[in-house]
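Per-entry structural report
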Amino acid sequence: MTTEDAVSAAAATEEAVSATAASEAAVDAVTRQAVDSLSATADPRLRDLLTALVRHLHAFARETRLTPAEWEEAVGFLTATGQACTDTRQEFILLSDVLGLSTLVETLHGHSAPGTTESTVLGPFHLTESPARELGDSIDLVGDGEPCVISGRVRAADGTPLPGAVVDVWQADPHGFYDVQRPDAQPPGNGRGLFTADAEGAFRFRTCVPSPYPIPTDGPVGTLLKAAGRHPYRPAHIHFIATADGHAPVTTHIFVAGGAHLDSDAVFAVKDSLVKDFTPTDDPCLAREFGVPNPFRHARFDLVLERE
């Protein structure tokens, strides 16, 4: 290489470095301007949230060198997600669930005082008000599943019962569908119930043993799971929300021990403390007491609330 060639190459390298530096400076300026535009936000918490959101979104775009075509596709995906939401379907909650964000937020802020029930995700199907039912009533209005009794107590961490606590429950039918998904096959309120605990904090209801089921895959979230090579299944579970005066409410599940997908829940919601035995029970006297055919399954689950 001649001296002239070396000088020319050095100049070209310097120009490239300068261009890169200028490009990076321009990118930094965009982020700085976007962050600065939020400085007048009156609510301090909102300002912090929006500022962090902008910084992390811009960092994501820079790290991945996000292209205009990719961003356009992402906007289309988010638009389709919103369009898939209805009165009986919440596709954005489903998206949050499958990305693990719902479980992460619950884990960050769920009630984890020693001895209290662990929280987990609400899920996309708590969309209708559960009908009030008497203790011992059945939430299975169709009756085509394996009979089951769920019983337990609502109490404080020190063991004190919480009389009058309210327990909201909901679950899918034996075929893996919630009432709002198949209104032609299930009456409204099937698989749902709102129970008031007795003077000892006890509650009890009849139902059917839940089964594993796939989350809805006919929308944008299903397309995302397929593209990622992920299955859509959730392990068998029953949802609970427990509330009592003077105590923080808890949103949680119980999962059927020994069932499929406990180690690969599509929404990352399984916690060991929430996996419960649905014990096969052959006891005609107990079956008569509970008002179920014999044999049946019986699961016990105490809901332990943290004081506010």
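The model shown is predicted, which means the values in this text are computed figures rather than measured ones. Throughout, a residue's number is its position along its own chain's written sequence, starting from 1. Local features in this predicted model are restricted to residues of pLDDT 70 or higher, and side-chain atom pairs are both shown and tallied only at a pLDDT of 80 or more, whereas totals for entire chains, interfaces and linings draw on every residue. Side-chain measures here rest on the full set of heavy atoms in the structure, leaving out hydrogens and waters.

1. Overview of the layout of surface pockets
- Computed over the protein atoms alone on a 1 Å grid, cavities are sets of points where a 1.4 Å probe fits but cannot get out and pockets are open sets with protein on both sides within 12 Å along at least five of seven lines; a residue lines them when it has an atom within 4 Å of a point. Grid points are joined across faces, edges and corners, and a volume is the space filled by probe spheres set on the points. Approximately 1,000 Å³ is the volume attributed to the largest pocket.
- Looking at the largest pocket, it is lined by 23 residues, and the ones nearest its centre are Leu57, Phe60, Leu66, Trp71 and Ala74.
- Helix and strand assignments come from DSSP, with helices taken as H or I runs of at least 4 residues and strands as E runs of at least 2, each series counted from the N terminus. Secondary structure elements with two or more residues in the lining of the largest pocket: helix 2 (44-64), helix 3 (68-83), helix 4 (91-98) and helix 6 (220-228).
- Side-chain classes follow a simple rule in which Ala, Val, Leu, Ile, Met, Phe, Trp, Tyr, Cys and Pro form the nonpolar group, Asp, Glu, Lys and Arg form the charged group, and the remainder, Gly included, forms the polar group. Of the residues in the lining of the largest pocket, the class split is 17 nonpolar, two polar and four charged.
- There is about 190 Å³ of room inside the second largest pocket.
- If you trace the second largest pocket, you find 13 residues lining it, with Arg89, Phe177, Gln181, Pro216 and Asp218 closest to the centre.

2. Remarks on unusual backbone geometry
- For the peptide bond that leads from Asn294 to Pro295, omega is 0°, which places it in the cis range.
- You can see Pro295 is positioned in the loop between helix 7 (284-290) and strand 11 (296-300).
- Despite not being glycine, His261 has its phi angle at roughly 70°, a positive value.
- Relative accessibility under 20% of the residue-type maximum defines a buried residue, over 50% an exposed one, and the middle range a partly exposed one, all with a 1.4 Å probe and only protein chains included. Judged by relative accessible area, His261 falls into the partly exposed class, the value being 24%.
- One non-glycine residue, Phe268, adopts positive backbone phi at about 60°.
- Along the chain, the position of Phe268 falls in the loop between strand 8 (250-256) and strand 9 (275-276).
- Assessed through its relative accessible area of 44%, Phe268 is described here as partly exposed.

3. Some details on the environment of Val256
- Within the secondary structure layout, Val256 lies in strand 8.
- Residue contacts are counted whenever heavy atoms from the two residues lie within 4.5 Å of one another. The residues touching Val256, leaving out its near neighbours within four places in the chain, are Pro210, Ala236, Leu262, Lys276 and Phe278.

4. A short note on empty space enclosed by the protein
- Tallied over the full model, the rule gives one cavity of 30 Å³ or more.
- Size it by volume and the largest cavity reaches roughly 60 Å³.
- Residues belonging to the lining of the largest cavity are distributed by class as follows: seven nonpolar, two polar and two charged.

5. Thoughts on the pattern of salt bridges
- Criterion for a salt bridge: a side-chain nitrogen of Lys or Arg within 4 Å of a carboxyl oxygen of Asp or Glu. Overall, the coordinates contain nine salt bridges when judged by the stated rule.
- Of the charged contacts, one joins Asp265 and Arg234 as a salt bridge, the two residues approaching to 2.8 Å between their closest N and O atoms. Here the residue Asp265 occupies a position in the loop between strand 8 and strand 9, and Arg234 occupies one in strand 6 (residues 233-234), the gap between them amounting to 31 residues.
- We classify Arg234 as buried; its relative accessible area is 3%.
- Sharing partners across several salt bridges, the network here consists of Glu24, Asp28 and Arg62.

6. Re the sheet that holds strand 3 (residues 192-196)
- Strand pairing follows a simple DSSP-based rule, namely that at least 2 bridges must link the two strands. Taking strand neighbours across the sheet as the criterion, the five strands line up as 3-2-7-8-9 in an open arrangement whose pairing is mixed. Pairing within the sheet leaves two strands with one partner each, and these edge strands are strand 3 and strand 9.

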